[in-house]
Amino acid sequence: MALCTPIEGVRSVGPAALAVLMSVFGSVPCACAEDTLAFDEIAPHVYAHAGAVALPSSENRGDTSNFGFVVGDEAVAVIDAGGSLPVAREALAAIRRVTDKPVRYLILTHMHPDHVFGSRIFKDAGATIVGSAALGDALAARSDTYLASYRDQLGPALVEGVELLPPDRSVDGSLTLDLGHRALRLQTWPTAHTNTDLTVLDTTSGTLFAGDLVFLEHLPVIDGSLTGWLKDIESLKALPAARVVPGHGPSVAPFPAALEPEARYLETLKRDLDADIDAGLRLENAAASAAASEAANWQLFDAYNPRNATAAYAELEWQ
Amino acid sequence: MSQSIFTGRSRMAAVLAIGLTAAAMSAPSGAKAAEPGADEVWQGLVTDVFEGKPMQDGTGIVSLEAPARAADPALVPVTLSVDPTRHIRKLTLVIDHNPAPVAASFTLGDGAGVTRIETRVRVNAYTDIHLVGEADDGTLYVTSRYVKAAGGCAAPASKDPAAAARSIGQMKLRRFGAAEGSGGTRDEAQLMIRHPNNSGLQKDQVTLLYIPAHFITELTVARGERTLFTMEGGISISEDPSFRFDYRADTPEPFHVKAVDTENMTFAHDFPADAS
């Protein structure tokens, strides 16, 4: 049960069930070489890494998102790529300590840099990149902006060589990938966190890789549609999953309970803004106070809530 | 009159073209434009956009509200207002460090009672924003604000391009009754238009060409027979343009709105006098 690095605690979300889960499966045993990333085995043959709940920086090397991998009888699928090439390289090293089966797929849950900047490492290892049918265009439109803003945040050295690779295979609706007696069910979603959201369900273990459709601890970031997200949460609840790997927060959490905190935040934001818009409040005044009651419940609230509120106001005033 | 509008437009087009070329050569860096040297940029704009005309301090005559730090660089609220006793007929909003600095130019209708227009703009770098008011006698009055924001222009116009394409041209008019502090002499309304108002600063990764800009260039807002204001717009007006404005409260009249974009698509909408 040696951990390469401590799992930053199981954090506040994890009730008793989670603690049991963790003690049963533990994390990847390794000799703790410096160059592997810590992955927890959250179900048999299912692994997840918890990135820091923080803004991307040179200190955390862009390791600010969760990602994972699933090992089938024949092949491995990696779900999301990590937020920089070094982080992805260390993830690949961690995979190699678990299995020498080929990494057949890199599945991207959406377009954001913290989830895709490591793509090239897995592509070079032979993976086929799979993502939403909207992902290629979304990445292309944002490429310059993402690279520029990450150069500012991580420093140029960590961005050198990053390529925003489009999917080789795109999904519009659902797709099942077989890893050898192990079926992964991929599903795209109406615009919510972004317009490229895709989830991966490991049907064998009932583990859902939700990407950023599920946030824990880290304030949810709206880069798609607030109302769309609230609708998607209702549909997500119906998925046959017992646990989820959220896009940010702990590596694993019980499902569908993990949807509750973000649903509460998004509903609060919507309720406050709807009332402000009805009352004729201007955008800047509404954005300054909306969802203030949620501030204590989240990390990075001040970093993201004003932007969420601004974008959501512009969305809701059309309703 | 029509000739002066034409001159204004071609001047703006020239500034826009220069801006786009510069942007194409140096990809938007998102870097912080340093304050030192900002004056030089502004002096260059005074020459290019305002033919080097002298400008008076606009304090108390024109005013500009903008956040010191923008929450979302693609949606920065700005409020332009004028002292109604000073006969300001034209307001030009200039975002110094944007790729196309002239965000919009508003011409206020005679006797329309418009003293305040709020809109939302994209801001691409830490920048001064200048508001220049032109009085009936041709005198220019200037005021400015410094805004910290970055990346708003190069950010994709739409969070959901498919949905944006379906709803293009839809309009909504909200009415708020008496404008604050007007003592009931002016009413307030907000016009919203669905349009991607695409900045044209995103690169197509396959062709390596910039996706063409697509934005509203002309807008006329009238009430009854009277023009409240017209706008010549550039790429810095945010997606789904919004204009909240006051106007002289008198007999109920229907609103007539007409917008034309860079692809010569025309969107017209009438709103009945008493709709809310």
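About the cut-offs
- Residues numbered from 1 in each chain as written.
- Chains lettered and ligands numbered in written order.
- Predicted model: local features only at pLDDT ≥ 70, side-chain atom pairs only at ≥ 80, totals over all residues.
- Heavy atoms only, no water.
- Contact = heavy atoms within 4.5 Å.
- Buried area = accessible area lost by both parts, 1.4 Å probe.
- Salt bridge = Lys/Arg side-chain N within 4 Å of Asp/Glu carboxyl O.
- Polar contact = N/O pair within 3.5 Å; in protein donor to acceptor, adjacent residues only side chain to side chain.
- Helix = DSSP H or I, 4+ residues; strand = E, 2+ residues; numbered from the N terminus.
- Nonpolar A, V, L, I, M, F, W, Y, C, P; charged D, E, K, R; others polar.
- Axes fitted to C-alpha atoms, helices over the stretch in contact; angles between N-to-C directions.
- Parallel < 35°, antiparallel > 145°, perpendicular 65-115°, else oblique.
- Left-handed = near helix turned anticlockwise from the far one by under 90°.
- Buried < 20%, exposed > 50% of the residue type's maximum accessible area, 1.4 Å probe, protein only.
- Core = buried A, V, L, I, M, F, W, Y, C linked by side-chain atoms within 4.5 Å.
- 1 Å grid on protein atoms, 1.4 Å probe; cavity = no way out; pocket = protein on both sides within 12 Å on 5 of 7 lines; lining within 4 Å.
- Points joined across faces, edges and corners; volume = space filled by probe spheres on them.
- Expected span 1.5 Å × (residues − 1).
- Bend = angle between axes of the 7 residues up to and from the residue.
- pLDDT = per-residue confidence, 0-100.
- Pairing = 2+ DSSP bridges.
- Phe/Tyr/Trp six-rings, centres within 6.5 Å; stacked < 30°, edge-to-face > 60°.

Some remarks on the interface of chain A and chain B
Step number 1: Contacts between the two partners involve 29 residues from chain A and, on the opposite side, 38 residues from chain B.
Step number 2: Surface buried jointly by chain A and chain B totals about 2600 Å² across both partners, of which 50% is contributed by carbon and sulfur atoms.
Step number 3: The interface formed by chain A and chain B holds four salt bridges in total.
Step number 4: Applying the counting rule to chain A against chain B returns nine residue pairs in polar contact (both at pLDDT 80 or more).
Step number 5: Every element with two or more residues in the side of chain A that touches chain B is listed here: helix 5 (135-154), helix 8 (259-278), helix 9 (283-289) and helix 10 (301-316) of chain A.
Step number 6: It is helix 5 of chain A that provides the largest number of residues to the side of chain A that touches chain B, a total of eight residues.
Step number 7: Of the residues assigned to the side of chain A that touches chain B, the class counts are 12 nonpolar, eight polar and nine charged.

A short note on the packing of helix 8 of chain A against helix 10 of chain A
Residue and element names in this part refer to chain A.
Step number 1: For the pair helix 8 and helix 10, the least separation of the axes is 10 Å and the interaxial angle reads 50°. For the element pair helix 8 / helix 10, the angle class is oblique. The hand of the helix 8/helix 10 crossing is right-handed. Of helix 10, the residues touching helix 8 (which contributes Tyr 265, Leu 269, Lys 270, Leu 273, Asp 274 and Ile 277) are Phe 301, Asn 305, Asn 308, Ala 309, Ala 312, Tyr 313 and Leu 316.
Step number 2: Of the residues that constitute the contact of helix 8 with helix 10, the class distribution is nine nonpolar, two polar and two charged.

Points about the packing of helix 7 (residues 226-236) of chain A against helix 10 of chain A
All names here are of chain A.
Step number 1: Between helix 7 and helix 10, whose axes approach to 9 Å, the crossing angle comes to 90°. Between helix 7 and helix 10, the interaxial angle falls into the category roughly perpendicular. In contact with Leu 226, Thr 227 and Gly 228 of helix 7, helix 10 contributes Ala 312, Glu 315 and Leu 316.
Step number 2: Of the residues assigned to the contact of helix 7 with helix 10, the class counts are three nonpolar, two polar and one charged.

Comments concerning unusual backbone geometry
Step number 1: Omega for the peptide link from Phe 255 of chain A to Pro 256 of chain A comes to 10°, which places this bond in the cis form.
Step number 2: By secondary structure assignment, the location of Pro 256 of chain A is in the loop between strand 13 (253-254) and helix 8.
Step number 3: Backbone geometry at Glu 51 of chain B places phi at a positive 55°, although glycine is not the residue there.
Step number 4: Note that Glu 51 of chain B resides in the loop between helix 2 (38-50) and strand 1 (55-57).
Step number 5: Even without glycine at this site, Asp 240 of chain B takes up a positive phi of about 50°.
Step number 6: Topologically, Asp 240 of chain B is positioned in the loop between strand 12 (226-233) and strand 13 (242-248).
Step number 7: A residue is classified by how much of its surface remains accessible, and Asp 240 of chain B, at 17% relative accessible area, is buried.

Structural notes on the nonpolar core
Step number 1: Within the largest apolar cluster, 48 residues are counted, with the highest numbers of intra-cluster contacts made by Leu 191, Leu 219, Phe 229 and Phe 245 of chain B.
Step number 2: In this view, Leu 191 of chain B contacts Met 171, Lys 172, Leu 173, Leu 219, Val 221, Pro 241, Ser 242, Phe 243, Phe 245, Val 257 and Phe 271 of chain B; residues no more than four positions away in its chain are not counted.
Step number 3: Within the second largest apolar cluster, 42 residues are counted, among which are Ala 241, Val 244, Leu 273 and Ala 309 of chain A.

Thoughts on the environment of Leu 55 of chain A
Residues and elements named next belong to chain A.
Step number 1: Locating Leu 55 in the fold gives a position in the loop between strand 2 (46-49) and strand 3 (67-71).
Step number 2: Between the C-alpha atoms of Leu 55 and Ser 65, which are 10 residues apart in sequence, the distance is 9.9 Å.
Step number 3: When neighbours within four sequence positions are excluded, Leu 55 is seen to be in contact with Asn 60, Thr 64, Leu 300, Ala 303 and Tyr 304.

Here we look at empty space enclosed by the protein
Step number 1: Scanning the model with the defined rule gives four cavities of 30 Å³ or more in all.
Step number 2: Estimated volume of the largest cavity: approximately 100 Å³.
Step number 3: Taken together, 13 residues line the largest cavity, and the ones lying closest to its centre are Leu 283 and Glu 284 of chain A together with Glu 118, Arg 120 and Arg 244 of chain B.
Step number 4: The set of elements that each furnish at least two residues to the lining of the largest cavity consists of helix 9 of chain A together with strand 3 (76-82), strand 6 (116-121) and strand 13 of chain B.
Step number 5: Split into classes, the residues belonging to the lining of the largest cavity amount to four nonpolar, four polar and five charged.

Quick notes on helix 5 of chain A
Residues and elements named next belong to chain A.
Step number 1: Its 20 residues place the ends of helix 5 only 23 Å apart at the C-alpha level, less than the 28 Å of an ideal helix rising 1.5 Å per residue.
Step number 2: Within helix 5, the axis deviates most sharply at Arg 142, by approximately 55°.
Step number 3: Among the residues trailing helix 5, Gly 155 stands out with phi positive, at a value near 90°.

Describing the side chain of Ser 238 of chain B
All names here are of chain B.
Step number 1: In this fold, Ser 238 is placed in the loop between strand 12 and strand 13.
Step number 2: What makes Ser 238 buried here is its relative accessible area of 1%.
Step number 3: In terms of polar contacts, Ser 238 uses its side chain to reach the backbone carbonyl oxygen of Ala 74, at 2.7 Å.
Step number 4: At a separation of 3.3 Å, a polar atom in the side chain of Ser 238 contacts the main-chain amide nitrogen of Val 121.
Step number 5: When neighbours within four sequence positions are excluded, Ser 238 is seen to be in contact with Ala 74, Leu 75, Val 76, Arg 120, Val 121, Arg 122 and Asn 197.

Side note on the confidence of the model for chain B
If pLDDT is low for a region, its predicted coordinates should not be looked at in detail.
All names here are of chain B.
Step number 1: Of the residues in chain B, 82% have a pLDDT of 70 or more, and the chain-wide mean is 84.
Step number 2: The secondary structure element of chain B with the lowest average pLDDT is helix 1 (residues 2-25), at 36, and the one with the highest is strand 2 (residues 62-65), at 98.
Step number 3: Across residues 1-35, confidence stays below pLDDT 50; counting only partners more than four residues off in sequence or on other chains, it has 45 contacts.

Some details on the pairing of strand 14 (residues 255-261) of chain B
Residues and elements named next belong to chain B.
Step number 1: Most of strand 14 is tucked away, with five of its seven residues classed as buried.
Step number 2: Bridge analysis of strand 11 (residues 216-223) against strand 14 gives seven bridges, and the strand direction is antiparallel. Bridging across to strand 14, Val 221 finds its partner in Val 257.
Step number 3: As judged from the six bridges shared by strand 14 and strand 15 (residues 266-271), these two strands associate in the antiparallel manner. Each bridged residue has a counterpart across the sheet, and for Val 257 the counterpart in strand 15 is His 269.
Step number 4: The loop that links strand 14 with its antiparallel partner strand 15 comprises four residues; one of these, Asn 264, has a positive phi angle of about 60°.

Things to note about the packing of aromatic side chains
Step number 1: Under the defined criterion, the tally for this structure stands at 14 aromatic pairs over all chains.
Step number 2: Aromatic pair Tyr 265 of chain A and Trp 298 of chain A: ring centres 6.1 Å apart, planes at 65°, arrangement edge-to-face. Residue Tyr 265 of chain A is found in helix 8, and its partner Trp 298 of chain A is found in the loop between helix 9 and helix 10; the two are separated by 33 residues along the sequence. There is no split in this pair, since Tyr 265 of chain A and Trp 298 of chain A are both buried.
Step number 3: Between Phe 245 of chain B and Tyr 247 of chain B, the ring centres sit 6.1 Å apart and the planes meet at 50°, which makes this aromatic pair tilted. Across the pair, exposure class does not vary: Phe 245 of chain B and Tyr 247 of chain B are buried alike.
Step number 4: Each residue in the set Phe 106, Phe 229, Phe 243, Phe 245, Tyr 247 and Phe 255 of chain B is aromatic and connected to the rest through ring pairs, giving one cluster.

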